[in-house]
Amino acid sequence: MTTTVEEILERKSHAVIRDAQVAPTHDIREALFELEAKGEIIVQRVPENHVEVTTKYGRTKKIPIDHTWHHKSCGQCGHIPGYTSSIFWLHRQFNLDYLDPTDQTSCTGWNYYASATSNAAAQAAVMSRNFAAAHETGYFPMIHCGTSYGHYKEIREQLVHHKELRDEVRRILDKMGKPLVIPEELVHYSEWVHVMRGKFAEKQTVDMSMITATVHPACHYYKIVAEDAIYDPEIYGGQRTATVTATLEALGIDVADYSTWFDCCGFGFRHVLVQRDFTRSFSVLRKIETMKNEVNPDLTVTHDTGCVTTLDKSQFAAKAHDRKVGIPVLSDAQVAALAMGAHPFRVVQFHWHSTDWRPFLDKLGINWQKYWDEFQGDLDAIRAGTKSGITWEDADKPVVY
Amino acid sequence: MPTTQENWNPGKAQDRHPEVSYEEKEKLFLEVKNDPRYEDFLYGCYECGICVSTCPSARFYDYSPRVIAQAMAREDIERVYDIISEDIWNCAQCFSCLRCPRGNNPGGLVTLLREVAVKNGLQETKDVLQGYSRVIYKVMLKGNQVSPDMLQPDFFPDWGPWVGEFSKNMPVWRKAIPVDTLRGVTDAAWKTNRKTLLELYTIWFETGNMDIIKEIDEGLHDLLADVMQEELEEG
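Predicted model only: the values in this text are computed from it and were never measured.

Rules behind the numbers
Residues numbered from 1 in each chain as written. Chains lettered and ligands numbered in written order. Predicted model: local features only at pLDDT ≥ 70, side-chain atom pairs only at ≥ 80, totals over all residues. Helix = DSSP H or I, 4+ residues; strand = E, 2+ residues; numbered from the N terminus. Buried ≥ 20, exposed ≤ 12 C-beta atoms within 10 Å, placed from the backbone. Domains from an automatic or database assignment. Contact = placed C-beta atoms within 7 Å. Nonpolar A, V, L, I, M, F, W, Y, C, P; charged D, E, K, R; others polar. Pairing = 2+ DSSP bridges. Axes fitted to C-alpha atoms, helices over the stretch in contact; angles between N-to-C directions. Parallel < 35°, antiparallel > 145°, perpendicular 65-115°, else oblique. Left-handed = near helix turned anticlockwise from the far one by under 90°.

Caption draft 1: Representation of the overall build of chain B within the structure. Helix and strand counts for chain B come out as 13 helices and zero strands. Reading the secondary structure of chain B in the N-to-C direction produces α-α-α-α-α-α-α-α-α-α-α-α-α. Dimensions of chain B, computed from the C-alpha atoms along their principal axes, are close to 75 × 40 × 30 Å. Classification of the 235 residues of chain B by burial places 47% in the buried group.

Caption draft 2: Expanded view of the environment of E40 of chain A. Residue and element names in this part refer to chain A. Tracing the backbone shows E40 in the loop between helix 2 (28–37) and strand 1 (42–44). Residue classification places E40 among the partly exposed positions, given that 17 C-beta atoms sit within 10 Å. C-alpha separation for the pair E40 and L180, spaced 140 residues apart in sequence, amounts to 7.7 Å.

Caption draft 3: Examining the domain arrangement of chain A more closely. Residues and elements named next belong to chain A. For chain A, the assigned domains read domain 1 (28–183) and domain 2 (206–371). Taking only C-alpha atoms into account, the centre of domain 1 sits 25 Å from that of domain 2. Listed per partner, the contact involves 31 residues of domain 1 and 32 residues of domain 2. Where the side of domain 1 that touches domain 2 is concerned, the elements lending two or more residues are strand 2 (50–54), helix 3 (74–79), helix 4 (81–93), helix 5 (109–115) and helix 7 (146–161). Here the side of domain 1 that touches domain 2 gets nine residues from one element, more than from any other, and that element is helix 4. Considering only residue class, the side of domain 1 that touches domain 2 consists of 13 nonpolar, 14 polar and four charged.

Caption draft 4: Representation of the domain arrangement of chain B within the structure. Partitioning chain B into domains gives domain 1 (22–128) and domain 2 (131–234). Taking only C-alpha atoms into account, the centre of domain 1 of chain B sits 29 Å from that of domain 2 of chain B.

Caption draft 5: Region of the structure containing the interface of chain B and chain A. Opposite the 66 residues of chain B that make contact, chain A presents 81 residues. Counting residues per element, the ones that place at least two in the side of chain B that touches chain A are helix 4 (56–60), helix 7 (106–119), helix 9 (133–142), helix 10 (162–175), helix 11 (194–206) and helix 12 (209–216) of chain B. Sorting elements by how many residues they give to the side of chain B that touches chain A places helix 11 of chain B first, with seven residues. Of the residues that constitute the side of chain B that touches chain A, the class distribution is 36 nonpolar, 19 polar and 11 charged.

Caption draft 6: Up close: the pairing of strand 4 (residues 68–71) of chain A. Residues and elements named next belong to chain A. Side chains T68 and H70 project from strand 4 onto one buried face, and the interleaved W69 and H71 project onto a second face that is buried too. Examined bridge by bridge, strand 4 and strand 5 (residues 98–99) share two bridges and lie parallel to one another. Paired with W69 across the strands is L99, a residue of strand 5. Bridging between strand 4 and strand 6 (residues 140–143) involves four bridges; their strand directions are parallel. Bridge pairing links H70 to M142 in strand 6.

Caption draft 7: Fine view of the packing of helix 5 (residues 65–73) of chain B against helix 6 (residues 77–85) of chain B. All names here are of chain B. The N-to-C vectors of helix 5 and helix 6 enclose an angle of 140°; their axes lie 8 Å apart at closest approach. On the basis of their axis angle, the class for helix 5 and helix 6 is oblique. The interaxial crossing formed by helix 5 with helix 6 has left-handed handedness. Side by side, helix 5 and helix 6 meet where I68, A71 and M72 of the first sit next to R79, V80 and I83 of the second. Grouping the constituent residues of the contact of helix 5 with helix 6 by class yields five nonpolar, no polar and one charged.

Caption draft 8: Spotlight on the sheet that holds strand 11 (residues 329–331) of chain A. All names here are of chain A. A sheet is described by the order of its strands in space; here four strands give the open sequence 9-8-10-11, paired in parallel fashion. If you trace the sheet from one side to the other, it starts and ends with strand 9 (254–255) and strand 11, each paired once. Pairing geometry for strand 10 (residues 299–302) and strand 11, over three bridges, is parallel. Within strand 11, the residue paired with V301 across the bridge is L330.

Caption draft 9: Main features of the environment of Q76 of chain A. Relative to the helices and strands, Q76 of chain A is located in helix 3. Ignoring any residue separated from it by four or fewer positions in sequence, one finds Q76 of chain A in contact with Y83, T84, H144, C145 and T305 of chain A.

Caption draft 10: View of the sheet that holds strand 6 of chain A. Within the open sheet, the three strands sit side by side as 5-4-6 (chain A). Their pairing is parallel. Sheet topology places strand 5 and strand 6 of chain A at the edges, where each strand pairs with a single neighbour.

Laid out in structure tokens, this is it:
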């Protein structure tokens, strides 16, 4: 049957239908339970304390609240540590039980997308080893990185559809004495932030109603295996993912729209490390400058490692070319933590960000110089050897601005 | 050569790489096509161009995900060789092209093409990845893609003077992070225990990943293999 352009346009012109009965994709969880029934895999169940949300086509997804095993992100921990500390700080404010493991490796997906110096079996084995490690503890995986989340969703599809791959991964895991475990849900931390947003708002101490922000939704969160991302009819009419935007709105921030919201940030995986002319150009010309021209926000917020890095770091060189730049970049977790009184440097760690964040803090009425001086005191003590480092004991207590 | 009824070959690319035999090009194409994931990534192409309109690389490079889907579907061996030897490294792997109404995954096709290019040690691929070896070294040995100590002004001069600040203050700033697995760690993103790293090395050897590295950079392979094998023997 020949498909005409009119038919394509007709199909594309329909809104996304939020009805699980007519979803255009299969429910991967049913396939997981079938494989478990055959004794091929173990499906780790979402802990009892969870919240149900709806995804793109109206299916229900369980988001665990606590008892979570935190699958950390290379880029967040390595270059934006305030991203990671904000996620944990938020958990600690509600006394939620979580594990920060040392038996986790990177998904290695950044390298795979950058250089392809790996293969399907290795990538699936890396994922499965991490999930088996989480299963051993009884804690449920919560994935910090958008790329790990997207990559794992894709690998989950491959494991379900290709028996040879399952057999190969099981052979390798056997050597470590580990079973093949796939969690019932793959959960990104921003989904946890999304379901906790009302609780954050209840504990909010910093008024953010004067802030206008743009949102950059992370490609690997909602484009790879698109049906697994959270959608909400109240946010963009259910036609774009609701994560991040719903959180900012719950905190009283005005989220402004801009025309290139669907564009990627320009990260490029290989490009951001060794061919940044592309990364800088795309990030500035298609994202930052568009936001600046159309909205002129106080802040742009995203929910992935590479996006924060790219949008933030690309602005310096563009400034030298008199481009319209100068939008500070934060993750949703950092914004939520700041709203609840997290210390700007001990927790949010603004000093690892490059684009000037001071005007944003000034607008919030936060005397950042005072807290920077306090942080300098911490550093002096560390240098003098009278303090080994900053601990949660130093950082847990919210600041009263 | 004048076009005649006999040599008219509509839509097929001319041979731009006569130094490589047609048989070799066909072998590479078939390696991609025979990957078990291939049938999940390509269903046919309308030439609607939605993938191109969403593609960041198409805006800045002579690059088109549509052409890749088309060339693969039409089994245009010469064009696929052009793509595998050059175009694939322009892709940003954002997967915006998954918006394809036919359910194609041009970004996924690029991943398969890249894997084949690496596995076969194409010279163009070696050239592209030449500056990338230290990242591969880091991720395979430490289990992290990036580490704080990579933030050096000579590596990121375009990120501004702050990179110098990060670098200068690294030891003390890293101690000033409340997260237990990050505090004080500068050569990796977080603390990973030894048993876990040994398990990771096992994965690299068992899946043939080390052979892939050998094809692309023998020196890097030997370095990694020495360290990992010693650790595994001790472990």
